[in-house]
Amino acid sequence: VYMADRQARGFSAALIAFPCAFDQCPANGSALDGTLPFTSGSDPSTFDLSTPSSAYWSEVDGVVNRAASYGLVVLFDPTELYGFMPTLRNNGPTKCYNYGVYLGNRYKNFPNIIWHHANDFQTWNTSSTDNNLIHQVMLGIASVDPNHLQTVELNYNFSYGNQDTLLNGVMTMDAAYTYYGTYDCVLQAYASSPTLPVYLVEANYEGENDTGGLPGPAGPYVLREQAYWTLTSGGVGQIWGNKDIYAFDPYWKSSLDSPGALQIAGINNLF
């Protein structure tokens, strides 16, 4: 239902986290049917990255293929840090690298993937250990998968991927992340080195006001500003979010035709 609706409204991608252990996701990191992503361990604090579960990842395959059938690129986050930073830390750099190799080998021939790493990576510039763990996953993917772009979502409330110089050479698409005027962050990323395409990975979601910087919940005007500022400052696209939909709250279906979603067609047609 979600993918068909988004295709009909002119969306071209969906950001999806596998595995996931925050918000509406099961706290143990399982799929909704209880299947765990790894055969060794029972939750993110005990998972062994060297034991991927074929049953779980087959379910992921199905989601990625379903997205392709609706013309959607999957921004695929295999390093969701709210739940799985402890997993990466407990496993160490070698297992993180090999986890990347596993992902790269499994998905290198899927046509509709962009690797999207490390949502809200608050420790990238304060912990060289944490930063290296993400780097190792990315290196592992790159070692076997030359077909897909890789990007990273750094820290709120203002960041872009090229600021993390450790990732130079393995990051092939930049992601601007800001809760301020999007033109500023996007333009800085656009002008940064090495030269990479940049998109807006996150700004104010429809119905949210996370930083309290808006007079009220983000509505159509704010969403248009964010989109126009991005696309006139060098950005190749933007992620649009809605607070009811991103975690599939119980009432998410009633928000599919929200004002922000209806504006996407107009933005696409204009640009």
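Residues numbered from 1 in each chain as written. Predicted model: local features only at pLDDT ≥ 70, side-chain atom pairs only at ≥ 80, totals over all residues. Heavy atoms only, no water.

Engineer: Before we go on, may I ask you to explain the overall build of the chain in this structure?
Structural biologist: Scanning the chain for helices and strands turns up seven helices and seven strands. Shown N-terminal to C-terminal, the secondary structure of the chain runs as helices and strands in the order α-β-α-β-α-β-α-β-β-β-α-β-α-α. For the chain, whose C-alpha radius of gyration is 18 Å, the value lies close to the compact-globule estimate of 18 Å for 271 residues. Counting only C-alpha atoms and orienting by the principal axes, one finds that the chain spans roughly 50 × 40 × 35 Å. The buried share of the chain, taken over its 271 residues, is 52%. When contacts within the chain are restricted to residue pairs at least 6 apart in sequence, those whose partners lie at least 24 apart make up 68%. As presented, the chain carries roughly 11600 Å² of accessible surface, and 53% of it is formed by carbon and sulfur atoms. Positive and negative charge centroids in the chain, built from 10 and 24 side chains respectively, lie 7 Å apart. (Helix = DSSP H or I, 4+ residues; strand = E, 2+ residues; numbered from the N terminus. Rg over C-alpha atoms; globule rule 2.2 N^0.38 Å. Buried < 20%, exposed > 50% of the residue type's maximum accessible area, 1.4 Å probe, protein only. Contact = heavy atoms within 4.5 Å. Areas by Shrake-Rupley, 256 points an atom, 1.4 Å probe, with all protein chains shown as cover. Lys, Arg positive; Asp, Glu negative; His and termini not counted. Charge placed at Lys NZ, Arg CZ, Asp CG, Glu CD.)

Engineer: Even after reading the chapter, I still don't get unusual backbone geometry, so can you show me in this structure?
Structural biologist: Backbone geometry follows two general trends: most residues other than glycine have a negative phi, and most peptide bonds adopt the trans configuration. The linkage connecting Phe 18 with the following residue, Pro 19, adopts the cis geometry, with an omega of -10°. You can see Pro 19 is positioned in the loop between strand E1 (13-17) and helix H2 (54-69). The omega torsion across Tyr 156 and Asn 157 is 10°, close enough to zero to call that bond cis. In this structure, Asn 157 sits in the loop between strand E4 (150-152) and strand E5 (158-160). One non-glycine residue, Asp 120, lies in positive phi territory at about 50°. Position of Asp 120 relative to the elements: it lies in the loop between strand E3 (113-117) and helix H4 (128-144). The class for Asp 120 is buried, based on a relative accessible area of 14%.

Engineer: How should the nonpolar core be read in this particular structure?
Structural biologist: Taken as a class, soluble globular proteins show a tendency for nonpolar side chains to be buried jointly. Trp 57, Val 60, Phe 76, Leu 88, Tyr 107 and Phe 121 are the most contacted members of the largest nonpolar core, which totals 42 residues. Contributions of two or more residues to this core are made by E1, H2, strand E2 (73-77), helix H3 (81-107), E3 and H4. Top element by residues in this core is H3. It accounts for eight residues. In this structure, Tyr 107 is in contact with Trp 57, Val 60, Asp 61, Phe 76, Ile 113, Trp 115 and His 148, ignoring residues within four places of it in sequence. Within the second largest apolar cluster, nine residues are counted, among which are Ile 114, Ala 175, Tyr 179 and Tyr 199. (Core = buried A, V, L, I, M, F, W, Y, C linked by side-chain atoms within 4.5 Å.)

Engineer: I keep staring at the packing of helix H5 (residues 182-191) against helix H6 (residues 220-231) and nothing clicks. Help me out?
Structural biologist: Any two packed helices are characterised by the angle at which their axes cross and by the distance between the axes. At a minimum axis separation of 8 Å, H5 and H6 run at an interaxial angle of 25°. Overall, the two elements H5 and H6 adopt an arrangement that is roughly parallel. Helix-helix and strand crossings are classified by hand; for H5 and H6 the assignment is right-handed. Taking contact as the criterion, the partners of Thr 182, Tyr 183 and Val 186 in H5 are, on H6, Glu 225, Gln 226, Trp 229 and Thr 230. Looking at the contact of H5 with H6 residue by residue, the classes come out as three nonpolar, three polar and one charged. (Axes fitted to C-alpha atoms, helices over the stretch in contact; angles between N-to-C directions. Parallel < 35°, antiparallel > 145°, perpendicular 65-115°, else oblique. Left-handed = near helix turned anticlockwise from the far one by under 90°. Nonpolar A, V, L, I, M, F, W, Y, C, P; charged D, E, K, R; others polar.)

Engineer: When you look at a nonpolar patch on the surface in this model, what are you seeing that I'm missing?
Structural biologist: The grouping of Tyr 228, Leu 270 and Phe 271 at the surface amounts to a nonpolar patch, some 310 Å² of accessible area in total. Among the secondary structure elements, Tyr 228 is positioned in helix H6. (Patch = residues over 30% accessible without salt bridge, like charges linked within 9 Å, V, L, I, M, F, W, Y side chains within 5 Å. Salt bridge = Lys/Arg side-chain N within 4 Å of Asp/Glu carboxyl O.)

Engineer: Just to check I follow, could you spell out the sheet that holds E3 for this structure?
Structural biologist: Hydrogen bonding along the main chain pairs the strands of a sheet, whether they run parallel or antiparallel. In space, the four strands of this open sheet follow the order E1-E2-E3-E4, with parallel pairing throughout. Each edge of the sheet is formed by a strand with only one pairing partner; in this case those strands are E1 and E4. In this sheet, neighbouring strand axes are inclined to one another by 25° on average, regardless of whether the strands run parallel or antiparallel. Sheet strands in contact with H2 are E1, E2 and E3, and its direction is about 150° off that of E2. (Pairing = 2+ DSSP bridges.)

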